[in-house]
Amino acid sequence: MQQPTLSPKLLRLLVIFPNVMSYILLFGVVVFIRTNLDELKATDSLTMWLIIAAILGPISIYTTFSIAKRIKAGVL
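Scope of this entry: the structure provided in the associated data block. What you see as residue numbers is a count from 1 along each chain, following the sequence as written. Per-residue local features are limited, in this predicted model, to residues with pLDDT of at least 70; the limit for side-chain atom pairs, both in listing and counting, is 80 or more; totals at the level of whole chains, interfaces and linings are taken over all residues. Note that water and hydrogens are dropped before the side-chain values are worked out from all heavy atoms of the structure.

Turning to the overall build of the protein chain, a few remarks are in order. The secondary structure content of the protein chain amounts to three helices and zero strands. A run of H or I in DSSP counts as a helix once it spans at least four residues, and a run of E counts as a strand once it spans at least two, with each numbered from the N terminus. Listing the helices and strands of the protein chain from first to last along the sequence gives α-α-α. Its C-alpha atoms give the protein chain principal-axis dimensions of roughly 60 × 25 × 20 Å. Relative accessibility decides the category of a residue: with a 1.4 Å probe and only protein chains considered, values under 20% of the type maximum give buried, values over 50% give exposed, and everything between is partly exposed. The proportion of buried residues among the 76 residues of the protein chain is 18%. Here the contacts in the protein chain between residues at least 6 apart in sequence split such that 60% fall between residues at least 24 apart. Of the roughly 6,200 Å² that the protein chain leaves accessible, carbon and sulfur atoms contribute 71%. Throughout, a contact is declared for two residues whenever any of their heavy atoms are within 4.5 Å. Accessible surface is estimated by sampling points in the Shrake-Rupley manner with a 1.4 Å probe; for residues, cover comes only from the protein chains shown.

Structure below.
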C-alpha cells in the first residue's frame, strides 16, 4: 500500500497559513488594545493584554524566519 504524498505547494500552504493567521491575531490584539485603552486601564487588565501582544509578536516573527529558512534550504 502506497502512502499518499502531499504536493510541495499544498505543504507550503499548510505551513504558511497558520503563520498568516498569527499575524492577523496579533494585529487584532493591537487594534483591540488601541480602541479600548481607557477601559483596559480602568479595569487593570491592560498589563495582561500587553503581555499577550509581547509574547505573540516574537513568536510570529521567529516562525516566519524559521519557515523562510526551511523554504530556502529546500525542505519545504
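To get an axis, fit a line to the C-alpha atoms, keeping to the stretch in contact for a helix; angles then go from 0 to 180 degrees between the N-to-C directions. It is the contact of helix α1 (residues 8-35) with helix α3 (residues 46-73), at a shortest axis distance of 9 Å, that shows an interaxial angle of 155°. When the interaxial angle is binned, α1 and α3 end up roughly antiparallel. Considering how the two elements wind past one another, α1 and α3 form a crossing that is left-handed. Here Arg12, Val15, Ile16, Asn19, Ser22, Tyr23, Leu25, Leu26, Val29, Phe32 and Ile33 of α1 come into contact with α3, specifically with Leu46, Trp49, Leu50, Ala53, Leu56, Gly57, Ser60, Ile61, Thr63, Thr64, Ile67 and Ile71. By the definition adopted for this analysis, an angle is roughly parallel if under 35 degrees, roughly antiparallel if over 145, roughly perpendicular if from 65 to 115, and oblique otherwise. Left-handed describes a crossing whose near helix is turned anticlockwise from the far helix by less than a right angle; the clockwise case is right-handed.

Below, the discussion takes up the nonpolar core. We define a nonpolar core as any set of buried Ala, Val, Leu, Ile, Met, Phe, Trp, Tyr and Cys residues linked to one another through side-chain atoms lying within 4.5 Å. Counting seven residues, the largest nonpolar core is built from Leu26, Val29, Ile33, Leu40, Leu46, Ala53 and Leu56. If sequence neighbours within four positions are ignored, Leu26 has contacts with Ala53, Leu56 and Gly57.

What follows covers α1. Between its first and last C-alpha, α1 extends 41 Å over 28 residues, near the 40 Å set by a 1.5 Å rise per residue. Along α1, the residues that are buried comprise Asn19, Ser22, Leu26, Val29 and Ile33. For α1, the secondary structure elements touched by its buried residues are α2 (37-42) and α3. The span you would expect from a helix comes to 1.5 Å times its residue count less one.

Here we come to the side chain of Ser60. Among the structural elements, Ser60 can be located in helix α3. Here a polar contact is recorded for every N or O atom pair within 3.5 Å, except that within protein the pair must consist of a potential hydrogen donor and a potential acceptor, and residues adjacent in sequence are included only if both atoms are side-chain atoms. A polar atom in the side chain of Ser60 sits 3.2 Å from the side chain of Ser22. The residues contacting Ser60, other than those within four sequence positions of it, are Asn19, Ser22 and Tyr23.

Okay, the side chain of Ser22 next. Its place among the elements puts Ser22 in helix α1. Setting aside anything within four residues of it in sequence, one finds Ser22 in contact with Leu56 and Ser60.

Note that all results are geometric; they support no functional claim without further evidence.
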